[in-house]
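# Topology and contacts: notes
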Protein chains: 2
Amino acid sequence: MKKSAIPAPIMKESLIGQRVRKPDAPDKATGKTRYINDMVLPQMLIGKVLFAGRPHARIMRIDTEAARKLPGVHAVLTGQDAVGLKFGFVRDNVALKDKVRCEHDEIAAVAAETEEIAARALGLIEVEYEDLPGVFTPEAGAREGAPLVHDDFPGNRSLHFEFRHGDLAAAEAASDLIVDNVFRPHHVTHCCMGTSCAIADFDHNGKLTIWTQTQYPYNYKMDLAPALGIDPGDIRVIQPPVGGAFGSKLDVYPYEPIAALLAKKTGRPVKVIYTREEEFQASPTRRAAIIHMRTGCTRDGALTFRTADVLLDNGAYTSWGPTIPVIMMRTTSGHYRVPVVDFKAQAIYTNNPYAGSFRGYGNVQTTWATAQQMDMLAEMVDMDPLEFRLKNAQVSGETTPQKSFLRECAFVECLETAAGASDYSRKHKEYAALRDAPGRYRKGIGLASSIHNAGGAKIHKSDGIGTILKVDDYARVTVITGASEIGQGIDAVITLIVAEELGVPLEHVTLVNNDSDIAPWDVGVHASRTTFIAGNGARRAARKAKTQILNAAEKFVEEPAGNLDLRGGWVVRADDGAALIKLERLLRQMHFQAEPELVMVTDYYEPRSEPEGAGHISDHSAAYAHAVHVAEITVDTLTGEIKVDKVTVAQDVGRVINRMGLEGQIEGGIAIGLGYAISENMRIENGMLRNPSFRDYKLITAPEMPEIEMHFIESDCAEGPYGAKGISELPTIVIAPAVANALYNATGVRIFDPPMTPETVARAIHEKRAAAAAGGAAVRRESVTA
Amino acid sequence: MKKSAIPAPIMKESLIGQRVRKPDAPDKATGKTRYINDMVLPQMLIGKVLFAGRPHARIMRIDTEAARKLPGVHAVLTGQDAVGLKFGFVRDNVALKDKVRCEHDEIAAVAAETEEIAARALGLIEVEYEDLPGVFTPEAGAREGAPLVHDDFPGNRSLHFEFRHGDLAAAEAASDLIVDNVFRPHHVTHCCMGTSCAIADFDHNGKLTIWTQTQYPYNYKMDLAPALGIDPGDIRVIQPPVGGAFGSKLDVYPYEPIAALLAKKTGRPVKVIYTREEEFQASPTRRAAIIHMRTGCTRDGALTFRTADVLLDNGAYTSWGPTIPVIMMRTTSGHYRVPVVDFKAQAIYTNNPYAGSFRGYGNVQTTWATAQQMDMLAEMVDMDPLEFRLKNAQVSGETTPQKSFLRECAFVECLETAAGASDYSRKHKEYAALRDAPGRYRKGIGLASSIHNAGGAKIHKSDGIGTILKVDDYARVTVITGASEIGQGIDAVITLIVAEELGVPLEHVTLVNNDSDIAPWDVGVHASRTTFIAGNGARRAARKAKTQILNAAEKFVEEPAGNLDLRGGWVVRADDGAALIKLERLLRQMHFQAEPELVMVTDYYEPRSEPEGAGHISDHSAAYAHAVHVAEITVDTLTGEIKVDKVTVAQDVGRVINRMGLEGQIEGGIAIGLGYAISENMRIENGMLRNPSFRDYKLITAPEMPEIEMHFIESDCAEGPYGAKGISELPTIVIAPAVANALYNATGVRIFDPPMTPETVARAIHEKRAAAAAGGAAVRRESVTA
């Protein structure tokens, strides 16, 4: 190595808040990335699944002989091969079924040399069914005497949640106004561009390696093991690049143990990959629910209570999805200052497709209700909706009834920023006044807000993360972290943080995080936690490395470590930036000295949050954050079509780390939330999905995307890395009710059951006009007590 | 997790010295292993190389236009694309040449969609050469006025080594007997079952990932970078399973930068893989040499001096291979108590194929000479060769003239064990007496010994290793180590050591060691160092983890850490073996407690050896070891065929770690050494290899393998892991001269120039008989002074 010339003084230039591209962006943009879907292992077989294609039935006979005899078929499995291998959140699922409980129940599976042979083999399997009466809504499932989906779950009740705080009767009595509505959030699905795919392979010690898209590799082992009857320790999880997850990979789904059972049977690697149609049918959904919400306030606009009675459509099996009430509850009890709360939720088995986790995790559904009721109450007390909200908005230092401690709370600033930037109050008044003016098109503006955990959520025994960091002789840094990358951009965040601490170029940091045998433990990508938790882990590890390096540098540069810093690949004097020794040269000197040292550090970071406690009272996240969206729309009153012109976002992000990633998260979150609001809908009739294609299931695409104006409120979270909070779910949560409130502002119609499709909106407008023509002014509001 | 029943007391049962199979053995035996040769990356192109096919020439014209135009060809490179990109030990090599210096010089390279297209494209490249006179032996190369292989290396001298100790003239004067011979060790090659192969791919940041068979991934970066003109830090080295190395992958060879240059040019992954014929022609050789050795002794059998004047055939370029004199020198000066030494070696450029490193690293050649001269001197002083050796063998605590400190020396025990077990002295006398008896077949017995570094060799600035170890919530252990696995079995050794320390099953330990971005630094697999160095690293890391675990266990089991141990997956009371808590349960309690901890430790181990010092005086290894082989053979005096019936091995292994691995190393070492001794030979005529196939180049195969009786002498090395020393090279080093000495014992003929093929042996026997018939008793011995 030639000695580099000493450069001019290097002053500190922070990367925090800069726009940094994802390290994998160029490879993804140019088609170089090899997704799991592209992977081929030597000797690999293709597995295919036979779905029931009916919602509820007994299997009278299954004959696989012809399939087994087909040349190129290596194994055919049925429910007989999975007896006793129960898995799932309440152990009600099994990889291959001996009874049909929903349309996509997996009845048999084949491993064959090619996909074509596997498909032909499926066609040779004869199954005789006896159809059974089914239940297709939670009300029907909860009804006395309803057919049972699982014999061992009486009343079809899967899970039950309750939280009560304060004297409800007294609060109701003290209320001047009460809104009381039933909201019916619908089924949607994640629509990942990469369909579900797993590759399984056993070695000769009986250890399973599974290549999977999972978002939670460590607890995944614990969840997968019972489906195979093996020890969780005998599972190695490798996560190749993933074509989207959004929560859909926070659980084990049958295709994964099916791949493993086929691999076990054949002794060869087996890949199961869904077609787009199978993906629609057999991948999880966002939970449909019936939310009966009541909110009261005094005449001067102070909230008095909020109750929610929720029936969740559990579908046929219980994934993690039905635990969404733990989050629904937090919003019900903790969004705005609500002194009295009564929350109840039940998950009821039906013969519908079943849900998984989905970005927003219950809060999409709850905020759909709360944000509309806030507008309704504001109108009833004749206040500007912003003013009404500001009156009830919490400030730093407050604690919610469930004991979420809002340490650094920028809710008021979010409200004022979004409203101010969009000129909300003026437009809101103006558009309302024009509501019944002549003309086909109406403009509307709507505001909505929500709160979400922004410092993880301690729903497991630990919400922590392990990090290992090493710096090599060329000052190249490797960070081995438990944090999974599922497209959300933690790769860029960790790279940025480590480069910031160690003063090296971004390209000199490599992340290793896709193999459970290599990376240390982490809960997984969920709950908007990864920048907060893994960012803290990376920062702590990098700081340990920095301390080691600067302490070692002392003797080589004759300057106390306390006045040294790492900048631009050099060890510099902190006070004047004088470059003293090139970092890579120092590292080699450290390595080759008499008492040699390599820079290798480990860290385990556990946030200060409390486990979800008894009675649901605990400060379950290390931080909370708010977001406010103002949607400006144009409604075609003839067709009912909503065009979202602009969304103004103000979100408490704690502190911006990677500005580009943050922007991307907000854009992506709005795309998902807007699809939920106005177009996406799984049409499930008597348990059968009728629109399993992108032709009939309408995603928001680029032309429908609104202009987005973003305001990042930096509340400087004491516990977060550089002050940052988690940010990724709120954009999905808040947009839909902002559009609903804008629709009301524009037209006077209020939609309780999404999506607000042209058909739905047009019908509501025409009904309202018909009613007005008939002399009334009825809004479709299920019950209003004044 | 259900609580496991408390088992009966668990007493300590050590794994050290047990027979443990390699973790990858079942996958290799069943064809499941995917070698680098089997790898396919998406969009991968195949690179092929145009070799010169002549030993020395100027390139007058090269026309690649037709090749470039062939459909499916993506790039054609020539010497013009590598100008200035010099690499190699003395920077005399370049990936693509502008002048021909040996038969396999790389003149052009093509990247194409398929191997067939690439081969066709090579055929379309027109090259016009002007042949030059060449030099094909080191004597010819060293001659005044010889053609120069490299214009900038006058006298064709590549490297030069000297070591002198004591007063040679006085020692010669004090000698009663002197043997003086010229030995000519020949060219052989490694014959790896997996031919040379590399896959290169650049990402969009300009970072190169190279999948390669290299044995030294970290310094490899430093060696490869100048061949590409990039920063070593921008290289990631991944080592898929390797089909053999034996030292042949301790250097950069042109196919590797060629793959990278083609990948750079095309923007796609490029794989270069040699055919078997190309492998013979273009992969490295064991260094051929001319060793002029003289050894003296007194009439009562005390050695007085040893000199060696060595001319090495450098071939056309200088790899690491020519540094073998640093090891040749140690044997010359340090094997047996030699008070006076004079060693000199020169590496001379020729137009022959060039050498790389090869198991034994110079010591095969030196021991071929020393072990025969010991027998010759014993005969001259009329002593039993064993007795003569015992008289001159060092014992513990002695230091060689180069200051190798023989701390724990079991040389005498090795000699006595091998000789005793084989009844050597009796048979030696008996067979010698029968030498001229009638009959076609003769029996012979021969003994040889050598010394080798057995605790690494500090030829770089560091001989250390980094280790990272983590234990997960299921008590599964991952060891991330710099130690490469090239088939030698360090995977089994590290697994065993970690299982020993942590009391877990072998299958619960996973090794991660094939990616330079993940694993910490290590010098590489060479110098019989890996069990010693990486074994120590693994043990130290495991002990740190154990200390952390037992300290944490104190509070859960209420027993002081000092009386706790890890056995059978449990924390036990050390004194009575009582099982206190299952290890995985404790680990989860540690993880989920209020002050959570994961077990993650790092270690950097540097042996106490000294860098190869000025004047070659230093204790360059942390340990030294001896081996003695006794070969029993039957010679067919008509055909000259040697059948090796049995080899009795006594080797100082320090302590047995994995008995099965040790046995395999000795068997494999003998197979290589025996091929060198009696059958393998690269027939190079005027720089052209005439036998590039397994039909004409004869490896030792299973039917030719002798019975092997092994005795492991456990000298208990204080610095070694559990007392172990490095063991892998000595078996290859010692066998050939043991057979040569047996041949002399059987027939009275002595072969100085290996291999001892039937032709060579038959000719020598017939010459001897002819001479005897002519009245003399001349043995072919170049000069004997008495």
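These numbers were taken from a predicted model, which means no experiment stands behind them. Residue indices begin from 1 for each chain and proceed along its sequence in written order. The order in which chains are written sets their letters, starting at A; the order in which ligands are written sets their numbers, starting at 1. In keeping with the model being predicted, local features are shown solely for residues with a pLDDT of at least 70 and side-chain atom pairs are shown and tallied solely at 80 or more, while totals for entire chains, interfaces and linings include all residues. Values shown for side chains rest on all heavy atoms present in the structure; no hydrogens or waters enter the calculation.

With that settled, consider the relation of the copies chain B and chain A. Least squares is the method used to superpose the copies, on C-alpha atoms of residues holding a pLDDT of at least 70 in both. Its rotation angle being 180°, the transformation that places chain B on chain A also includes 0.1 Å of axial translation and leaves an RMSD of 0.1 Å. Here the copies are linked by what is in effect a two-fold axis. Contacts are assigned to residue pairs with any non-hydrogen atoms lying within 4.5 Å of each other. With an isologous cut-off of 70% or more, the 100% of interface residues of chain B that recur at the interface of chain A puts this contact in the isologous class.

Residue and element names in this part refer to chain B. For helices, the axis comes from a line fit to the C-alpha atoms of the stretch in contact; other axes are also lines fit to C-alpha atoms, and the angle between any two N-to-C directions lies between 0 and 180 degrees. Working definition: helices are DSSP H or I runs of at least four residues, strands are E runs of at least two. Numbering for both runs from the N terminus. It is the contact of helix α10 (residues 363-380) with helix α11 (residues 385-392), at a shortest axis distance of 9 Å, that shows an interaxial angle of 110°. By the angle class used here, α10 and α11 are roughly perpendicular. Two secondary-structure elements touch here, α10 through A371, M374, D375, L377 and A378 and α11 through P385, F388 and R389. Put simply, angles under 35 degrees are roughly parallel, angles over 145 are roughly antiparallel, angles from 65 to 115 are roughly perpendicular, and the rest are oblique.

Residue and element names in this part refer to chain A. Pairing in this open sheet of 4 strands is mixed, and the strands run β22-β30-β31-β34 from one edge to the other. Two strands bound the open sheet, and with one partner strand each, they are β22 (441-453) and β34 (707-713). Ignoring strand direction, the axes of neighbouring strands in this sheet form an average angle of 15°. By this definition, two strands are paired if DSSP reports at least two bridges between them. Sheet analysis places β22 next to strand β30 (residues 624-636), joined by 13 bridges and oriented antiparallel. The partner of H452 across the bridge, within β30, is A625.

Next up on the list: unusual backbone geometry. Residue and element names in this part refer to chain A. Across the junction of P754 and P755, the peptide omega takes the value 0°, indicating a cis bond. Within the element layout of this structure, P755 appears in the loop between α18 (730-747) and α19 (758-773). Residue K403 is not a glycine yet carries a positive backbone phi of 75°. Within the secondary structure, K403 is located in the loop between β20 (398-399) and β21 (405-406). Here the term buried applies to any residue with accessible area under 20% of the maximum for its type, exposed to any over 50%, and partly exposed to those in between, with areas from a 1.4 Å probe on protein chains only. By relative accessible area, which is 43% here, K403 ends up partly exposed.

Listed as interface residues are 61 residues of chain B and, on the opposing side, 61 residues of chain A. Of the roughly 4600 Å² buried at the junction of chain B and chain A (both faces included), carbon and sulfur atoms supply 60%. Each salt bridge in this description consists of a side-chain nitrogen of Lys or Arg and a carboxyl oxygen of Asp or Glu lying within 4 Å of one another. There are 8 salt bridges connecting chain B and chain A. The shortest N-O distance in the salt bridge between K221 of chain B and D472 of chain A comes to 3.7 Å. At the level of elements, α1 (25-29), β12 (197-202), α6 (217-228), β23 (465-471), β24 (477-481), β25 (509-512), α16 (583-592) and β29 (599-605) of chain B are the ones that each hand at least two residues to the side of chain B that touches chain A. Ranked by residues supplied to the side of chain B that touches chain A, first place goes to β29 of chain B with 5 residues. Nonpolar residues are Ala, Val, Leu, Ile, Met, Phe, Trp, Tyr, Cys and Pro. Charged residues are Asp, Glu, Lys and Arg, and all others, Gly as well, are polar. Here the residues of the side of chain B that touches chain A sort into 24 nonpolar, 16 polar and 21 charged. Note on terms: buried area is the combined drop in 1.4 Å-probe accessible area of two parts once they are placed together, counting the loss on both.

So, on to the sheet that holds β23 of chain B. Residues and elements named next belong to chain B. In space, the 4 strands of this open sheet follow the order β25-β24-β23-β29, with mixed pairing throughout. The strands lining the two open edges of the sheet, one partner per strand, are β25 and β29. In this sheet, neighbouring strand axes are inclined to one another by 15° on average, regardless of whether the strands run parallel or antiparallel. Note: β23 against β29, 7 bridges, orientation antiparallel. In the sheet register, K470 faces β29, and the bridge partner there is M600. With respect to the sheet, helix α14 (residues 490-502) is in contact with β23, β24 and β25, its orientation differing from that of β25 by roughly 135°.

Turning to the packing of aromatic side chains, a few remarks are in order. Planes of paired rings set the category: under 30 degrees apart is stacked, over 60 is edge-to-face and the rest tilted, where pairs are Phe, Tyr or Trp rings (Trp by its six-membered ring) whose centres lie within 6.5 Å. In the structure shown here, the tally under the stated rule is 24 aromatic pairs over all chains. Each ring, one from F89 of chain B and one from W320 of chain B, has its centre 4.7 Å from the other, and the planes form 55°; the classification is tilted. A residue pair is termed long-range when its members are at least 10 positions apart, and F89 of chain B in the loop between β4 (86-87) and β5 (93-94) and W320 of chain B in the loop between β18 (303-315) and α9 (325-334) qualify at 231 residues. On the basis of relative accessibility, which here comes to 34%, the residue F89 of chain B falls in the partly exposed class. For the pair F183 of chain B and F752 of chain B, a centre-to-centre distance of 5.2 Å together with 55° between the ring planes defines the contact as tilted. One end of the pair, F183 of chain B, is in strand β10 (residues 177-183); the other, F752 of chain B, is in the loop between α18 (730-747) and α19 (758-773), and 569 residues separate them in sequence. Comparing F183 of chain B with F752 of chain B shows no difference in burial state: the two are buried. Grouped by ring-pair contacts, the aromatic residues F51, Y255 and Y274 of chain A constitute a single cluster. Comment: the charge-over-ring label is applied if NZ (Lys) or CZ (Arg) is within 6 Å of the ring centre and within 35 degrees of the ring normal. Over the face of the ring belonging to Y744 of chain B we find R435 of chain B, whose NZ or CZ atom lies 4.6 Å from the ring centre. Geometry around Y722 of chain B places R539 of chain B over its ring, the cationic atom sitting 5.1 Å from the centre.

In this fold, R143 of chain A is placed in the loop between α4 (138-142) and β9 (157-165). It is 53 Å that separates the C-alpha atoms of R143 of chain A and R21 of chain A, two residues lying 122 residues apart in sequence.

Let's shift gears to the environment of Y354 of chain B. Residue and element names in this part refer to chain B. Examined against the element boundaries, Y354 turns out to sit in the loop between β19 (341-349) and α10. Separated by 394 residues in the primary sequence, Y354 and G748 place their C-alpha atoms 35 Å from one another. Among residues more than four places away in sequence, those in contact with Y354 are N93, H104, Y253, P254, P284, T285, N314, G315, A316, Y317 and S319. Polar contacts, as used here, are pairs of N or O atoms within 3.5 Å; protein pairs need one atom able to donate a hydrogen and one able to accept it. Residues neighboring in sequence count only if both atoms are side-chain atoms. Here the side chain of Y354 touches N93 through a polar contact of 3.1 Å, side chain to side chain.

Residue and element names in this part refer to chain B. Buried residues of helix α13 (residues 424-433): Y424, K427, H428 and Y431, and no others. Down the axis of α13, the buried set is contained in an arc of 105°. They therefore lie on one face. What points out from α13, more than 90 degrees from its buried face, is the exposed set K429 and A433. If you follow the buried residues of α13, they end up packed against α10, α11, α12 (411-422), β22 (441-453), β30 (624-636) and α18. The arc in question is the one spanned by the directions pointing from the helix axis to the C-beta atoms.

The next subject is the state of the cysteines. Residue and element names in this part refer to chain A. Two cysteine sulfur atoms form a disulfide, by the criterion used here, when they sit within 2.5 Å. Within this structure, the stated rule accounts for 0 disulfides over all chains. In this model C192 remains outside any disulfide bridge; the closest cysteine sulfur is found in C191, 7.9 Å from its own. Taking relative accessible area as the criterion, C192 reaches 1% and is therefore assigned buried. Free of any disulfide, C409 has its nearest neighbouring cysteine sulfur in C414, separated by 8.1 Å. By relative accessible area, C409 is classed as buried at 12%.

This part is about the confidence of the model for chain A. The predictor attaches a confidence to each residue, called pLDDT, with possible values from 0 through 100. In this model, chain A carries a mean pLDDT of 95, and residues with pLDDT of at least 70 account for 98%. For this predicted complex, the interface confidence score (ipTM) comes to 0.95, while the overall pTM stands at 0.96.

Take the side chain of N181 of chain A next. Structurally, N181 of chain A can be placed in strand β10 (residues 177-183). Residue N181 of chain A is classed as buried on the basis of its relative accessible area, which comes to 0%.

Turning our attention to the pattern of salt bridges. Residue and element names in this part refer to chain A. With the rule as written, the count across this model stands at 111 salt bridges over all chains. Among the ionic pairs, E500 bridges to K12, the shortest N-O distance being 3.8 Å. Placement of the pair is E500 in helix α14 (residues 490-502) and K12 in the segment before α1 (25-29), with a sequence separation of 488 residues. Take E500: its relative accessible area is 8%, and that puts it in the buried class. Look at K12 and you get partly exposed, because its relative accessible area is 40%. For E709, the salt bridge identified is with K646, shortest N-O distance 2.7 Å. Of the two residues, E709 is situated in strand β34 and K646 in strand β31 (residues 642-652); the sequence distance between them amounts to 63 residues. Bridged by salt links that share partners, the residues K22, D24, K28, E485 and D491 form one connected network.

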